[in-house]
Each structure stands twice: as C-alpha cells, then as structure tokens.
Amino acid sequence: EKAYDHGDGDPLAGVYDTTSEEFSGQYADSIVGRDMALAVGSAGVTIIAMVLHTKSPFLTIMGLCQILLSFPLAYFVYYFIFGLVFFPFLNFIGIFVVFALGADDVFVA
C-alpha cells in the first residue's frame, strides 16, 4: 500500500505518481489473464466460423496451422533480422489481427 506512495507524508501526494515501472508492470500483469481469455475466445470464434463456412475440418486445421506458424516466423524476423530485443506487451494485440488475416486467407484461396 505504501510502496507506491512517493509523497512527503501527504496521503494524496503520491497517489497520482503512476509512472513508476513497478506500478506499470503490476497493472500490465493484472490484465494479462483477461486479455489472453479474449484471445482464446477470438480463436474459438474463428475456428467455429471456419468450420461452418468451409464445411471441412481439414481446411480448418490447415488454416489454423498457417495462423499458428506465423507467430514464430514473425518473432524470428523481429528479433534476429531487425535486432529488436524489447518486446512490448502491446504487441500481443497483434494476435487478434493475425487470427483475422489468417482466417481470411483460407477463404480467399
């Protein structure tokens, strides 16, 4: 409780000091579970839509393999080719985009 109070004894002085990395990390960690649940839900809806529209479990499985195999390739390019070491948490938002684009590729081909 007092760990985030950087004030001079005034109870409200440190309340708005939310720029410390410790606070940001704790906030990000508190919402990871909810965001990952949304990603899993998004994947589930994508799988159901693909099975219903293609009427082929094989095409659905191959489409999911295409989606899942894009993650290691993207990280390889990010880390080894571009040399970026820092991987911000916000990059996980891309999971939703990758699922949408990967499912779209199944229907275009």
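Quick caveat, the model's predicted, so the values are computed rather than measured. (Residues numbered from 1 in each chain as written. Predicted model: local features only at pLDDT ≥ 70, side-chain atom pairs only at ≥ 80, totals over all residues. Heavy atoms only, no water.)

So, on to the overall build of the protein chain. The number of helices and strands found in the protein chain is three helices and zero strands. Seen in sequence order, the protein chain has helices and strands lined up from the N terminus as α-α-α. The buried share of the protein chain, reckoned over its 109 residues, is 18%. Long-range pairs, those at least 24 residues apart, make up 55% of the contacts in the protein chain with a sequence separation of at least 6. Summed over its atoms, the accessible surface of the protein chain is roughly 8,200 Å², and 71% of this surface lies on carbon and sulfur atoms. (Helix = DSSP H or I, 4+ residues; strand = E, 2+ residues; numbered from the N terminus. Buried < 20%, exposed > 50% of the residue type's maximum accessible area, 1.4 Å probe, protein only. Contact = heavy atoms within 4.5 Å. Areas by Shrake-Rupley, 256 points an atom, 1.4 Å probe, with all protein chains shown as cover.)

Attention now goes to the packing of aromatic side chains. Following the criterion strictly, the structure yields five aromatic pairs and no others. Ring centres of Tyr-75 and Tyr-78 lie 6.4 Å apart, and the angle between their planes is 25°; on these two criteria the pair is classed as stacked. Of this pair, Tyr-75 and Tyr-78 are both found in helix H2 (residues 57-81), three residues apart, which corresponds to roughly one turn of the helix. Of the residues examined, Tyr-75 reaches a relative accessible area of 38% and is grouped as partly exposed. Here Tyr-78 falls in the buried class, since its relative accessible area comes to 18%. Here Tyr-79 and Phe-80 contribute two aromatic rings whose centre-to-centre distance is 4.9 Å and whose plane-to-plane angle is 90°, an arrangement assigned as edge-to-face. (Phe/Tyr/Trp six-rings, centres within 6.5 Å; stacked < 30°, edge-to-face > 60°.)

Bringing the environment of Phe-107 into the picture now. Within the secondary structure, Phe-107 sits in helix H3 (residues 94-108). The sequence separation of Phe-107 and Gly-63 amounts to 44 residues, and the corresponding C-alpha distance is 9.4 Å. Those residues in contact with Phe-107, other than ones at most four positions away along the chain, are Ala-49, Met-50, His-53 and Thr-54.

A separate point is unusual backbone geometry. As a rule of thumb, non-glycine residues mostly have phi less than zero, and peptide bonds are mostly trans rather than cis. Even without being a glycine, Lys-55 presents a positive backbone phi close to 55°. Turning to its location among the elements, Lys-55 is positioned in the loop between helix H1 (21-54) and H2.

Quick look at the side chain of Thr-60 now. One can find Thr-60 in helix H2. The buried category is assigned to Thr-60, whose relative accessible area is 3%. Side-chain polar atoms of Thr-60 contact the backbone oxygen of Ser-56, separated by 3.1 Å. (Polar contact = N/O pair within 3.5 Å; in protein donor to acceptor, adjacent residues only side chain to side chain.)

Core analysis: the largest hydrophobic core is formed by six residues, namely Ala-39, Ala-43, Leu-64, Ile-67, Ile-95 and Phe-99. Of all elements in the fold, only H1, H2 and H3 reach the threshold of two or more residues within this core. If near-sequence neighbours (up to four positions away) are discounted, Phe-99 is found in contact with Ala-39, Ala-43, Thr-46 and Ile-67. (Core = buried A, V, L, I, M, F, W, Y, C linked by side-chain atoms within 4.5 Å.)

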